[in-house]
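The primary structure of each chain is shown beneath.
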Amino acid sequence: MTDYVPPKVWTWDTESGGTFASINRPIAGPTHDKALPVGKHPLQLYSLATPNGQKVTILLEELLALGHTGAEYDAWLIKIGDGDQFGSGFVDVNPNSKIPALMDHSGATPIRVFESGAILQYLAEKFGAFFPTEPAARAECLSWLFWQMGSAPYLGGGFGHFYAYAPSKMEYPINRFAMETKRQLDVLDKRLAVSEYIAGDEYTIADIAIWPWYGGLVKGRLYGAAEFLAVHEYPHVQRWAEAIEARPAVQRGRRVNRVSGEPHEQLAERHDASDLD
């Protein structure tokens, strides 16, 4: 194999190849005009049931389970493989063209919130749930929330891309990102050996943020890589992943905006609690 020699100035001449090549581009902004639909509830979510998308629907279902009726929401499907995230309406809500994106119409002026971590914090503060108020506990929760934001790209865009989606298998990047993913699993395992949940004794948005990625990984749902990464070596992550998955609201939230997997696990759009019955 010939070593690649980077040019002095990179130019976008051809698609990069791989599963998502047709929607990857080096510029921002809309590619077409398309208004977003708006349903009957104040909270309007535009998403897909990727790990990042699941975070928000799980939190919304958990809030509803606690009796926060103001957390009722419409969840509209954004087909990222079709480029829906580059429609003008979606770009108005999230200029970064990534799911999930949220509009809150409950006040006099609509509020847009994008990036999954920001949406989790916004909703947890709005409803006063799953987010500690005591300073030390709050700091611990935020630290783990932002740990997920900084760590998951190595799991998804790094390991997941090169292991499952790249047009060819390359030893160096797979080894590099497998090592980092296992290090992250070890970080979580050591934490969960001394703590019931990620941020302490209480279930918080830190768990909700981390579980779809790392819980999904040890449950064998991501990239077909459970055996490759020897996820059985992390018993405390396994214990925690099972406990989170047993929550009815988590089971409901996982289904929203899902268009793959077993038919009974799919719900392309959600506009009422009865849609999940």
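Positions within a chain are numbered from 1, following the residues in the order the chain's sequence is written. Note on the predicted model: pLDDT of at least 70 is required for a residue's local features to be given, and 80 or more for side-chain atom pairs to be given and counted; whole-chain, interface and lining totals, by contrast, use all residues. Think of the side-chain values as coming from all heavy atoms in the structure, minus any hydrogens and water.

Turning to the nonpolar core, a few remarks are in order. With 63 residues, the main nonpolar core has L123, F159, I205, Y214 and W240 as its most contacted residues. Only β1 (43-47), α1 (51-65), β2 (73-77), α3 (116-127), α4 (135-165), α5 (171-192), α6 (205-218) and α7 (235-245) provide two or more residues apiece to this core. By residue number, the principal contributor to this core is α6, which donates 10 residues. Here a residue-residue contact requires only that any non-hydrogen atoms of the pair lie within 4.5 Å. Sequence-distant contacts of L123, defined by excluding residues within four places in its chain, comprise L43, V56, L59, L60, L63 and L102. Note on terminology: a nonpolar core comprises buried Ala, Val, Leu, Ile, Met, Phe, Trp, Tyr and Cys residues joined through side-chain atoms within 4.5 Å. Categorising residues by exposure relies on relative accessible area from a 1.4 Å probe, with only protein chains included: less than 20% of the type maximum marks a residue as buried, more than 50% marks it as exposed, and the intermediate range marks it as partly exposed. Core analysis: the next-biggest nonpolar cluster, separate from the first, contains 11 residues, Y46, I78, F90 and M103 among them. Helix and strand labels come from DSSP, where a helix needs a run of H or I of at least four residues and a strand needs a run of E of at least two; each type is numbered from the N terminus.

Next up on the list: the pattern of salt bridges. The term salt bridge refers to a side-chain nitrogen of Lys or Arg lying within 4 Å of a carboxyl oxygen of Asp or Glu. For the structure shown, the criterion picks out 14 salt bridges. Notably, a salt bridge pairs R221 with E245, separated by 2.7 Å at the nearest N-O pair. Residue R221 is located in the loop between α6 and α7, and its partner E245 is located in helix α7; the two are separated by 24 residues in the primary sequence. For the salt bridge of D277 with R252, the shortest nitrogen-to-oxygen distance reads 3.9 Å. Note that D277 is positioned in the segment after α8 (248-255) and R252 in helix α8, a separation of 25 residues in sequence. Judged by relative accessible area, which is 75%, D277 ranks as exposed. Connected via shared salt-bridge partners are E61, E72, R252, R270 and D277.

With five of five residues buried, β1 lies mostly within the body of the structure. Of the two faces of β1, the one carrying L43, L45 and S47 and the one carrying Q44 and Y46 are both buried. For the handedness criterion, the strands are oriented away from the viewer, and a crossover whose path from the first strand over the helix to the second runs clockwise is classed as right-handed. The parallel pair β1 and β2, bridged by α1, forms a crossover whose chirality is right-handed. Strands pair, by our definition, only if DSSP identifies at least two bridges between them. Where β1 meets strand β3 (residues 101-104), four bridges bridge the pair, whose relative direction is antiparallel. Following the sheet pairing, Y46 is matched in β3 by A101.

Moving on: α3. A rise of 1.5 Å per residue sets the reference length of α3, with its 12 residues, at 16 Å; its end C-alpha atoms lie 17 Å apart and thus fit the reference within 8%. In this structure, the buried residues of α3 make contact with β1, α1, β3, β4 (111-114), α4 and α6. Residue G128 follows α3 closely and has a positive phi angle near 65 degrees. To estimate the expected span of a helix, subtract one from its residue number and multiply by 1.5 Å.

Moving on to the pairing of β4. Sheet analysis places β3 next to β4, joined by four bridges and oriented antiparallel. Residue pairing across strands places M103 opposite R112, the latter belonging to β4. Taking the residues that link successive antiparallel strands as the turn, the β3-β4 hairpin has six residues.

Pairing within the open sheet is mixed, and its four strands lie in the order β2-β1-β3-β4. Both edges of this open sheet fall to β2 and β4, since each of them pairs with a single strand only. Sheet twist, expressed as the average angle between the axes of neighbouring strands with direction ignored, equals 20 degrees. As defined by bridge partners, β1 adjoins β2 across five bridges and the pair is classed as parallel. Each axis is a line fitted through C-alpha atoms, taken for helices only over the stretch in contact, and angles between the N-to-C directions span 0 to 180 degrees.

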